[in-house]
Amino acid sequence: MEPRAAQLRKRKGLRGEQNPSPREDEASSGSAESPGNTEVPRSPDLVQWTQHMEGQLLELLDRAIWEAMQSHPSPGGPPPSTPPDSLSKTWKPSPGKWKVFINRKSLLDELMEVQHFRTIYHMFIAGLCVFIISTLAIDFIDEGRLMLEFDLLIFSFGQLPLALVTWVPMFLSTLLAPYQALRLWARPRASEAWMLGVGLGCALLAAHTAVLGLLPLHVAVAYQLPPASRCILVFEQCIRAPSFSSYLYFLFCPTLIYRETYPRTPNVRWNYVAKNFAQALGCVLYACFILGRLCVPVFANMSREPFSTRALVLSIMHATLPGIFLLLLIFFAFLHCWLNAFAEMLRFGDRMFYRDWWNSTSFSNYYRTWNVVVHDWLYSYVYQDGLWLLGGRARGAAMLGVFLVSAMVHEYIFCFVLGFLYPVMLILFFVIGGLLNFMMHDRHTGPVWNVLMWTLLFLGQGIQVSLYCQEWYARQHCPLPQTTFWDFVTPQSWSCHS
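For the structure given in this document, a descriptive report is provided here. All figures in this text were calculated on a predicted structure; none of them were measured in a lab.

1. As for the environment of Val-211
Structurally, Val-211 can be placed in helix H7 (residues 192–222). In contact with Val-211, not counting residues within four places along its chain, are Pro-169, Met-170, Ser-173 and Pro-216.

2. Some words on unusual backbone geometry
Phi is positive for Gln-224, close to 50°, though the residue is something other than glycine. With respect to the helices and strands, Gln-224 occurs in the loop between H7 and helix H8 (227–237). Judged by its relative accessible area of 55%, Gln-224 falls in the exposed class. Phi is positive for Arg-347, close to 55°, though the residue is something other than glycine. Here Arg-347 is to be found in the loop between helix H11 (309–345) and helix H12 (363–370).

3. Regarding the pattern of salt bridges
Taken as a whole and judged by the stated rule, the model has five salt bridges. Of the charged contacts in the structure, one is a salt bridge between Arg-104 and Asp-350, with a shortest N-O distance of 2.7 Å. We classify Arg-104 as buried; its relative accessible area is 11%. For Asp-350, a relative accessible area of 2% gives the class buried. With a shortest N-O distance of 3.0 Å, Glu-113 and Lys-105 are connected by a salt bridge. Lys-105 sits in the partly exposed class, given a relative accessible area of 46%. Three or more residues are tied together by salt bridges with common partners; here these are Arg-269, Glu-344 and Arg-351.

4. Some points on a nonpolar patch on the surface
Judged by side-chain polarity, Ile-427, Val-431, Ile-432, Leu-435 and Met-439 come together as a nonpolar surface patch covering roughly 460 Å² of accessible area. Looking at the element boundaries, Ile-432 is found in helix H15 (residues 424–439).

5. Overview of the side chain of Asn-340
By the element assignment, Asn-340 lies in helix H11. Judged by its relative accessible area of 0%, Asn-340 falls in the buried class. A distance of 2.9 Å separates a polar atom in the side chain of Asn-340 from a polar atom in the side chain of Ser-106. Ignoring any residue separated from it by four or fewer positions in sequence, one finds Asn-340 in contact with Ser-106, Asp-109, Tyr-272, Asn-276, Leu-335, Arg-351 and Phe-353.

6. Comments concerning empty space enclosed by the protein
Looking at the largest cavity, its volume works out to about 80 Å³. Here the residues of the lining of the largest cavity are counted per class, giving eight nonpolar, one polar and three charged.

7. Points about the packing of aromatic side chains
In this structure the tally under the stated criterion is 29 aromatic pairs. Summarising the aromatic geometry, the rings of Phe-331 and Tyr-354 are spaced 4.9 Å apart at their centres and angled 80° between planes, so their arrangement reads as edge-to-face. In this pair, Phe-331 is assigned in helix H11 and Tyr-354 in the loop between H11 and H12, connecting sequence segments 23 residues apart. Using a relative accessible area of 5% as the deciding quantity, one classes Phe-331 as buried. Taking the centre distance of 5.7 Å and the plane angle of 55° together, the rings of Tyr-366 and Tyr-367 count as tilted. Residue classification places Tyr-366 among the buried residues on the basis of a relative accessible area of 8%. Ring-pair connections join several aromatic residues into one group, and the members of that group are Phe-331, Tyr-354, Trp-357, Trp-358, Phe-363, Tyr-366, Tyr-367, Trp-370, Phe-403, Phe-429, Trp-454 and Phe-458. Between the NZ or CZ atom of Arg-269 and the centre of the ring of Tyr-272, over which it lies, the distance is 4.4 Å.

Here is what the cut-offs are and how they apply
Residues numbered from 1 in each chain as written. Predicted model: local features only at pLDDT ≥ 70, side-chain atom pairs only at ≥ 80, totals over all residues. Heavy atoms only, no water. Helix = DSSP H or I, 4+ residues; strand = E, 2+ residues; numbered from the N terminus. Contact = heavy atoms within 4.5 Å. Buried < 20%, exposed > 50% of the residue type's maximum accessible area, 1.4 Å probe, protein only. Salt bridge = Lys/Arg side-chain N within 4 Å of Asp/Glu carboxyl O. Patch = residues over 30% accessible without salt bridge, like charges linked within 9 Å, V, L, I, M, F, W, Y side chains within 5 Å. Areas by Shrake-Rupley, 256 points an atom, 1.4 Å probe, with all protein chains shown as cover. Polar contact = N/O pair within 3.5 Å; in protein donor to acceptor, adjacent residues only side chain to side chain. 1 Å grid on protein atoms, 1.4 Å probe; cavity = no way out; pocket = protein on both sides within 12 Å on 5 of 7 lines; lining within 4 Å. Points joined across faces, edges and corners; volume = space filled by probe spheres on them. Nonpolar A, V, L, I, M, F, W, Y, C, P; charged D, E, K, R; others polar. Phe/Tyr/Trp six-rings, centres within 6.5 Å; stacked < 30°, edge-to-face > 60°. Lys NZ or Arg CZ within 6 Å of the ring centre and 35° of its normal.

Below you can see the structure in the form of structure tokens.
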């Protein structure tokens, strides 16, 4: 007989499906809201919190009843082997851990309303102005005239028309193939036509995989696309029976979690869209100046010099500052400006694309708050599904699965964009990052842990920038007569030294 608490929870869950709550349970991500968030809780938020607490209390009540039954078994039959709604193959996440979308601003938009934080933003703009002035001054001194050259930017976006032409069939395949396959799968199964539909759906998915996976690889390798043009294709690869309009909206809205409907804003602020696109373009120019002034002079000829441990360590230390600048620029340009621009154009209401990761005192909290869009997908479709496959047990194994999937995706993006395999990201993310996730856990809350986290971030970015730059220039200076698979996966920077 099912316990009373479980019956009450099921009825509460049915009511929750009919009246979905407007706020996500922050306990699912394990991090609290930023102290700078002064938003007053609304009454629906209080209702959501109350429902969550009721669910927790009912779960504790079920556990207590089950333990009592285990301690005092009834004479009429054997005691139950597992508690109700517990860690069995029917384990499902509680409704409070489901992703709930609500209307809310991005954290930086709220912080930009504070004058002290805007001053920090102005300091970064001043830094960009200094880079521009120094470039113009050096050109005027060396050449006697102003030379506005953007060689690195032009090279990075080379063959852009070819990348866009390749993107079109990739997008059409993503738009049509999965949707039609789901429609064929959702047809009634009582007829032989269903088997034919399933076969046709599998053929569509196979064609979709070929267009989305093999076509960009062939174009990138055969035509030697530069890094920025490759980014256009690799981001389309990473894009995630619904109605066609909701599916089409999902393909463009800045989330990886599908819902039939999302919270929407009443109108589009086109000046806000233009501002975010302009800031994203400014970040691209900023990154080009940093690479051109701080990285290219150091690493361009490093592969031509004899290898030494001293030179390697000094190059890593030199790359920490440009590395952390590039990390901040990628965060601001993509996670804030780019996603907010598309969210505003689509009137997508939930703008929580990140949290206050800069205040993290542990790497576990940093991974949860750095990129909430990807974290929600990993938590919903990798961690929870992995936990279900493991019967609700072995949470550590499910967490390692999340790290492995995330590290492999990051390494694939780097491999596709740069054109070579050098598993620096895989080792840093999966091996070192996985260890730090368990060693620097959420119980560490003092300011010294935040300093330690930032120190490790500086060093990690320095290692990435240094090793990837060395490998890039080694492959430019020591080209192989013919490239085999082993040449593709073997680092050239280890042997390209005179």
